Amino acid sequence: MELIMEHVKPKRRYDSRGRQAQARRNRETILDAAQRQFLEGGYAATTIAAIAGEAGEAGVSVETIYKAFGGKPGLVRAIYERGLTGQEPVPAFQRSDAMRERETDARTIMRNWGTLTSEVSSVVSPILLLVRSAADSDPDMAALLKASNDDRDERARHHARFLKERGYLREDVTLAQASDILWTCSSAELYDLLVLQRRWSLPQFARFLADFMIGALLPHSPEPL
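These numbers come from a predicted model, not from an experiment.

Parameters and conventions
Residues numbered from 1 in each chain as written. Predicted model: local features only at pLDDT ≥ 70, side-chain atom pairs only at ≥ 80, totals over all residues. Heavy atoms only, no water. Core = buried A, V, L, I, M, F, W, Y, C linked by side-chain atoms within 4.5 Å. Buried < 20%, exposed > 50% of the residue type's maximum accessible area, 1.4 Å probe, protein only. Helix = DSSP H or I, 4+ residues; strand = E, 2+ residues; numbered from the N terminus. Arc of directions from axis to C-beta. Contact = heavy atoms within 4.5 Å. Polar contact = N/O pair within 3.5 Å; in protein donor to acceptor, adjacent residues only side chain to side chain. Salt bridge = Lys/Arg side-chain N within 4 Å of Asp/Glu carboxyl O. Axes fitted to C-alpha atoms, helices over the stretch in contact; angles between N-to-C directions. Parallel < 35°, antiparallel > 145°, perpendicular 65-115°, else oblique. Left-handed = near helix turned anticlockwise from the far one by under 90°. Nonpolar A, V, L, I, M, F, W, Y, C, P; charged D, E, K, R; others polar.

Below, the discussion takes up the nonpolar core. When a protein is soluble and globular, its nonpolar side chains tend to lie buried together. Among the nonpolar cores identified, the biggest contains 30 residues, and Phe38, Ile51, Ile65, Leu75 and Val76 are the most heavily contacted of them. Secondary structure elements with two or more residues in this core: helix 1 (17-41), helix 2 (48-54), helix 3 (62-69), helix 4 (72-85), helix 6 (106-135) and helix 7 (139-166). Considering each element in turn, this core owes the most residues, 8 residues, to helix 6. If you look at the next biggest cluster of nonpolar residues, it comprises 27 residues, including Leu163, Leu169, Cys185 and Ile214.

Moving on, we get to helix 8 (residues 175-185). Owing to its 3.6 residues per turn, the α-helix brings residues three or four apart onto one side. Among all positions of helix 8, only Ala178, Ser179, Ile181, Leu182 and Cys185 are buried. Taken down its axis, helix 8 places every buried residue within 165° of arc, on the same side. Those residues of helix 8 that are buried lie in contact with helix 6, helix 7, helix 9 (188-197) and helix 10 (202-217).

What follows covers the environment of Gln197. Assignment of secondary structure puts Gln197 in helix 9. Taking the relative accessible area as the measure of exposure, Gln197 reaches 49% and is therefore partly exposed. Expressed as a C-alpha distance, the spacing of Gln197 and Ile51, which sit 146 residues apart in the sequence, is 27 Å.

So, about the side chain of Arg100. Of note, Arg100 is situated in helix 5 (residues 92-102). Within the structure, the side chain of Arg100 is placed 3.2 Å from the side chain of His159, a separation counted as a polar contact. Other than its neighbours up to four places away in sequence, Arg100 contacts Ile109, Trp113, His158, His159, Phe162 and Arg166.

Within the element layout of this structure, Trp200 appears in the loop between helix 9 and helix 10. Measuring from C-alpha to C-alpha, the distance between Trp200 and Leu130 comes to 20 Å, with 70 residues separating the pair along the chain. Each residue touching Trp200, except ones within four places of it in the same chain, is listed here: Leu194, Val195, Phe205 and Phe208.

Across all of its chains, the model carries 14 salt bridges by this definition. Note that Glu189 and Arg132 form a salt bridge whose closest N and O atoms lie 2.8 Å from each other. Here Arg132 lies in helix 6 and Glu189 lies in helix 9, a separation of 57 residues in the sequence. Owing to a relative accessible area of 37%, Arg132 belongs among the partly exposed residues under this scheme. The residue Asp150 makes a salt bridge to Lys146 at a minimum N-O spacing of 2.8 Å.

The subject of this paragraph is the packing of helix 6 against helix 10. Look at helix 6 against helix 10: their axes get within 8 Å of each other, and the N-to-C directions meet at 135°. On the basis of the axis angle, helix 6 is oblique to helix 10. As for the relative orientation of helix 6 and helix 10, their crossing is right-handed in sense. Residue-level contacts link Arg107, Met110, Arg111, Trp113, Gly114, Thr115, Thr117, Ser118, Ser121 and Ser122 of helix 6 to Leu202, Phe205, Ala206, Arg207, Leu209, Ala210, Asp211, Met213, Ile214 and Leu217 of helix 10. Here the contact of helix 6 with helix 10 is built from residues that sort into 10 nonpolar, 6 polar and 4 charged.

Set out below in C-alpha cells:
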C-alpha cells in the first residue's frame, strides 16, 4: 500500500521581537514629546493632543497615548521613572549600590555619588519642579510628589546606614543628620538653585555635591594625593 504524503507549507513563526522593539521606540518618542511639552508649557496647559501632534511622525495618536499611559499623570510618572534610571542601561540606583560595595575609600564613594546624582537630577529635577508646581491643584501630582519625597528619604536612609556600618561617618554626625544631608543633596530645589538659576554645569554640580557630602559627613582629614 502506497503511503501518500500531503505537502503542507510550514507555518511561519511569529516573531514578536520586531513589534516589541517598535513599541519601545514609540514609547520613548511619546515620552520625549511629553517631556518637552510639559517643560515648555507647564502641566495644566499641556494637552494630550499636543503631545500626540509632536509625536505624530511615529504614528502616535491621542488614543495610543491614553491606552499606554492613561493620561497626563501617567505620562509624568513614566518620565520621572525613566529619569531615575539615568543615562545607562543599568539603573542608577543599582550602579550606586554596586559601586559603594566595590569601593573602600569613602571620598571616592562620595565623588561617585555626586556624579550619579547630577546625572539623574538633570532629568528628574525639572520634572519634579513641574510636579511641585502642579501639586496644589492636582491630586495625582500631589501623590507623585509625596512618593518621590518618600523614595528619596528611603534612599538617603539606606546610604546613611551604609556609611554608619562601614565606620565612615564622623563621630559628631548622627544617622538622622546623615540621612537629612543626603536627602537634601538629591533635592530638586538644590538642582534648581545651582544648575537652572545659577547656570552651573553638571560637572560643577557633581563636584559641589561631593565636596559638600565629604565636608558634612566624613572626618576632617586631607584627601589622598
